Amino acid sequence: MANILPFRSTPQPRPAAPSPLPCPLPLLLHRIPAGFPSPADEYAESALDLNTYLVRNKTATFFFRVIGDSMTGANIHDGDLLVVDRSIEPRHGHIVLAVINNEYTVKRLHRLNGVIELRADNPAYPSLRFQENDEVQIWGVVTGAVSRFAV
Amino acid sequence: MGRGDRRGIALRGIAMPASGETASQQIFALVDVNNFYVSCERVFNPALEARPVVVLSNNDGCAVARSNEVKALGVKMGTPWFQLAALARQHGIVALSSNYALYADMSSRVVSILREYSPNVEVYSIDESFLGLNGLDSLWPSFADMGQSMRQRVLQWTGLPVCVGVGPSKTLAKLANHIAKKNPRFNGVCDLAAMQPPERGSLLAGIEIGEVWGVGRRIEAHLQAAGIRTVKDLRAAPSAWLRSRFGVVMERTGSELRGISCLALEEVAPAKKQIIASRSFGQPVHALPDLSEALVSHASRAAEKLRSQDGICSAIHVFIHTNPFRSQDPQYSNSIVIPLPNASADTRLLARAALFGLQKIYRPGYAYKKAGVMLMGISDAQSAQGSLLLEHGKGQRSEGLMKAMDALNRRYGRQTISVFASAAPKSWAMRRENMSPCYTTRWSDVPVVHAR
């Protein structure tokens, strides 16, 4: 009779340095036949590192934690980790981190015919529309979101 | 490299000043972050924008960084916090404890951007870097354009404002940085090398000698007594006179101010001859176990630093003292040097030696304010002399263990593995009552963004 034991992650926070040590997951192209002296060695290509997938410019990249559900239409959920790149010029259609009333807010940037709107991606939330002379403070462009599931 | 041979190297394409008076073949930039600690805090807390903010030193003692708003209130660098209380209430000054994890991360981001501009970078301090610009002038319309590009990129990528000073010597680059910071018309970038001599002369005539790199309070007073008040005066002072009155260092400063580069970039920090690890306690410490724990922690940090420069040491100096500013308390201070049986960089051996020393000098009944260690007799591990006798804290087993310990602590955070560790909480730990979260170095501390 097999038991499922709970896997507990360490409660200690780990450093998210700009260059955390990669967590190498070797990509094997072949199944390894049991009992054979490691023929897979020659097929081990490289190690997959989620940092390279999520972070394009690590010097300009910062992480944020999401609170709220106004962006669920963009697959950004409460509790997700956002990857924010400050080196990208914000453009129409980008998901951005804006500073509104001294708080960081995640919205989709709409910019058509000189009118700027910050839109939620959830019909339950209104859009913020800016007049011609208003200043919109964009902190950075969201390039990814990471979820972890409770298991 | 000596002075003479560097001057002899012919380099092509160096921006030469318009007149011959500052002939030099070197060109440097100094890039420095404005109000660095405060600026780091503002990146992650927009509510601090345009408010008066100070960052306090260890144990929340005195102001070590001030926002422009606080500078405008006349608060000097290093003012003790308790003296500021009334002013702080009146003007709503926000005081933050220093968050070194955040500042170190932001500093390394700035340096990695600067390395894209020049292959030769000397990280002079946490918020200042010298760049060697020799041969780079053909890449830019002018060094002022390069400076503006750096400013713009550092600001966009990290949110930190920087100023850039350019000059034919490090001393002039630093002075140019000062000018860029103080005069808004430069828009944050000042190139003294490209400036016309009359304009440069009038600028330098308006700067007091105390602003010059390497001119301390005492030398400043002596120079002023000799009638030298401004940078222009100092430039005009004859070399031989400077040397005879103030020594070779001031002579060199004079030459640097005239545009003759005497100080080379130090891209690799020289190995330290002494390593000190000490700290004031957040609250007075009385008991031997608490002092022991603090000293072991200091010895561990010092040993880690020693290994990072591939060194070994032959003695450890242990010191403890009470708070001399509390004259109403009984005072005691003592120190002892414990020689090691053989040179080593093994944390276990150094910690044991530190504890041995502490037991010799500890006296009960005092409120201790500070404890620390200093590693002495540091030499290169590669050139160490062997011994016929049994050696402690040396050899493959010791080195392997220390390597593993350092790797684990680097990966999973300080003090993941430590020697003789005892349980938290640490009553001797630094007092940092108003520290911002470690926004960029801890998952639990990443800033929050609202989706609403």
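Residues numbered from 1 in each chain as written. Chains lettered and ligands numbered in written order. Predicted model: local features only at pLDDT ≥ 70, side-chain atom pairs only at ≥ 80, totals over all residues. Heavy atoms only, no water.

Colleague: I keep staring at the overall build of chain A and nothing clicks. Help me out?
Modeller: Summing up its helical and strand segments, chain A has one helix and nine strands in all. Counting over 151 residues, chain A shows a buried share of 32%. The long-range share in chain A, meaning contacts at least 24 apart out of those at least 6 apart in sequence, stands at 48%. Total accessible area on chain A stands at roughly 10600 Å², and carbon and sulfur atoms take up 54% of it. (Helix = DSSP H or I, 4+ residues; strand = E, 2+ residues; numbered from the N terminus. Buried < 20%, exposed > 50% of the residue type's maximum accessible area, 1.4 Å probe, protein only. Contact = heavy atoms within 4.5 Å. Areas by Shrake-Rupley, 256 points an atom, 1.4 Å probe, with all protein chains shown as cover.)

Colleague: Where do I start with the pattern of salt bridges in this structure?
Modeller: Pairing between side chains of opposite charge can happen when the charged atoms of each approach one another. All names here are of chain B. With the rule as written, the count across this model stands at 15 salt bridges over all chains. One salt bridge in this structure joins Glu 199 and Arg 185, with 3.3 Å as the shortest N-O distance. Taken together, the residues Glu 199 in helix H8 (residues 197-205) and Arg 185 in the loop between helix H7 (170-182) and strand E8 (189-191) connect sequence positions 14 residues apart. Taking relative accessible area as the criterion, Glu 199 reaches 32% and is therefore assigned partly exposed. (Salt bridge = Lys/Arg side-chain N within 4 Å of Asp/Glu carboxyl O.)

Colleague: I would appreciate a short explanation of the sheet that holds strand E3 (residues 63-66) of chain B in the present structure.
Modeller: Two strands in a sheet stick together by hydrogen bonds in their backbones, pointing the same way (parallel) or opposite ways (antiparallel). Residue and element names in this part refer to chain B. One open sheet accounts for three strands, arranged E3-E2-E4; its pairing is mixed. Either end of the sheet is taken by a strand with one partner, and the two such strands are E3 and strand E4 (94-97). Neighbouring strand axes in the sheet, compared pairwise and without regard to direction, differ in orientation by 30 degrees on average. Together, strand E2 (53-56), E3 and E4 form the strand contacts of helix H2 (residues 36-44), whose direction differs from that of E2 by roughly 110 degrees. (Pairing = 2+ DSSP bridges. Axes fitted to C-alpha atoms, helices over the stretch in contact; angles between N-to-C directions.)

Colleague: Just to check I follow, could you spell out the nonpolar core for this structure?
Modeller: Within soluble globular proteins, side chains that are nonpolar tend to cluster in buried spots. In terms of nonpolar packing, the biggest core is built from 57 residues, with Leu 82 and Trp 139 of chain A touching the most fellow members. Residues in contact with Leu 82 of chain A, not counting those within four places in the same chain, are Phe 62, Phe 63, Phe 64, Val 66, Ile 76, Leu 97, Val 106, Val 142, Gly 144 and Ala 145 of chain A together with Val 449 of chain B. Ranked by size, the runner-up nonpolar core spans 32 residues in total, among them Leu 295, Tyr 332, Val 373 and Leu 375 of chain B. (Core = buried A, V, L, I, M, F, W, Y, C linked by side-chain atoms within 4.5 Å.)

Colleague: What is the right way to read the packing of helix H13 (residues 288-308) of chain B against helix H14 (residues 347-361) of chain B from this model?
Modeller: When two helices pack together, their arrangement is given by the angle between the helix axes and by the axis-to-axis distance. All names here are of chain B. At a minimum axis separation of 9 Å, H13 and H14 run at an interaxial angle of 145 degrees. Seen along the crossing, H13 lies across H14 with a hand that is right-handed. The residues of H14 that touch H13, namely those facing Leu 288, Leu 291, Ser 292, Leu 295, Val 296, Ala 299, Ser 300, Ala 303, Leu 306 and Arg 307, are Thr 347, Leu 350, Ala 351, Ala 354, Leu 355, Leu 358 and Gln 359. Residues of the contact of H13 with H14, tallied by class, amount to 12 nonpolar, four polar and one charged. (Left-handed = near helix turned anticlockwise from the far one by under 90°. Nonpolar A, V, L, I, M, F, W, Y, C, P; charged D, E, K, R; others polar.)

Colleague: Just checking my understanding: could you explain the pairing of strand E12 (residues 368-376) of chain B for this structure?
Modeller: Residue and element names in this part refer to chain B. Note: strand E9 (residues 275-285) against E12, seven bridges, orientation antiparallel. Bridging across to E12, Val 285 finds its partner in Tyr 368. Bridge analysis of strand E10 (residues 311-322) against E12 gives eight bridges, and the strand direction is antiparallel. Opposite His 321, over in E12, you have Lys 370 as the bridge partner.

Colleague: Could you clarify how one ought to interpret the sheet that holds strand E1 (residues 28-33) of chain B in this entry?
Modeller: Residues and elements named next belong to chain B. Judged by pairing direction, the sheet is mixed, and its five strands sit side by side in the order E5-E6-E1-E7-E8 without closing on themselves. The outermost strands of the open sheet, each flanked by one partner alone, are strand E5 (121-125) and E8. Between one strand axis and the next, the sheet turns by 15 degrees as a mean value, whatever way the strands run. Direction of pairing for E1 relative to strand E6 (residues 128-132): antiparallel, over a ladder of five bridges.

Colleague: What is the right way to look at the confidence of the model for chain B in this model?
Modeller: The predicted structure's coordinates, where accompanied by low pLDDT, should not be read in detail. All names here are of chain B. Put simply, chain B has an average pLDDT of 86, and 90% of its residues get 70 or more. Counted against residues more than four places away or in other chains, residues 1-24, with its pLDDT under 50, gives 45 contacts. This complex was scored by the predictor with a pTM of 0.73 and an ipTM of 0.72. (pLDDT = per-residue confidence, 0-100.)

Colleague: Can you walk me through the pairing of E6 of chain B in this structure?
Modeller: Looking down a regular strand, the side chains alternate between one sheet face and the other. Residues and elements named next belong to chain B. Summarising burial for E6: five of the five residues are buried, a large majority. Residues Glu 128, Phe 130 and Gly 132 line one face of E6 and the alternating positions Ser 129 and Leu 131 line the opposite face, and both faces are buried. Sheet analysis places E5 next to E6, joined by four bridges and oriented antiparallel. Opposite Glu 122, over in E6, you have Phe 130 as the bridge partner.

Colleague: Looking at this model, I keep getting lost on the packing of aromatic side chains. Mind explaining?
Modeller: Two descriptors summarise a pair of aromatic rings, namely the distance from one centre to the other and the angle between the planes of the rings. All names here are of chain B. The tally for this structure, following the rule as stated, stands at 22 aromatic pairs over all chains. On the basis of an interplanar angle of 10 degrees and a centroid distance of 4.2 Å, the ring pair of Tyr 37 and Tyr 103 is categorised as stacked. Pair noted here: Tyr 37 is in helix H2 and Tyr 103 is in helix H5 (residues 100-114), with a separation of 66 residues, a long-range link. Here Tyr 37 falls in the buried class, since its relative accessible area comes to 17%. Since its relative accessible area comes to 0%, Tyr 103 is described here as buried. An angle of 15 degrees between the planes, with centres 4.8 Å apart, marks the rings of Phe 44 and Tyr 439 as stacked. Taken as a pair, Phe 44 in helix H2 and Tyr 439 in the loop between helix H15 (395-412) and strand E14 (448-451) lie far apart in primary sequence, 395 residues in all. (Phe/Tyr/Trp six-rings, centres within 6.5 Å; stacked < 30°, edge-to-face > 60°.)

Colleague: Sorry, what's going on with the interface of chain B and chain A here?
Modeller: Put simply, an interface is often sized by how much accessible area is lost when its parts join up. Of the residues lining the interface, 32 residues belong to chain B; the matching set on chain A comes to 38 residues. Carbon and sulfur atoms make up 58% of the area that chain B and chain A hide from each other, which totals about 3100 Å². A per-residue breakdown of the area chain B buries against chain A is headed by Trp 157, Trp 443 and Val 449 of chain B, which together make up 24% of the total. A salt bridge links Glu 103 of chain A to Arg 452 of chain B, with the shortest nitrogen-to-oxygen separation between them at 2.6 Å. When contributions to the side of chain B that touches chain A are tallied by element, the ones reaching two or more residues are H2, H5, helix H6 (143-158), H15 and E14 of chain B. The biggest single contributor to the side of chain B that touches chain A is H5 of chain B, with six residues. As defined by bridge partners, strand E3 (residues 61-68) of chain A adjoins E14 of chain B across four bridges and the pair is classed as parallel. (Buried area = accessible area lost by both parts, 1.4 Å probe.)

Colleague: I tried to follow the side chain of Asp 32 of chain B on my own but got confused; where do I start?
Modeller: All names here are of chain B. Locating Asp 32 in the fold gives a position in strand E1. For Asp 32, a relative accessible area of 9% corresponds to the buried category. Separated by 2.3 Å, the side chains of Asp 32 and Lys 181 make a polar contact. Setting aside its immediate chain neighbours within four residues, Asp 32 contacts Asp 127, Glu 128, Pro 161, Val 162, Cys 163, Asn 177 and Lys 181. (Polar contact = N/O pair within 3.5 Å; in protein donor to acceptor, adjacent residues only side chain to side chain.)

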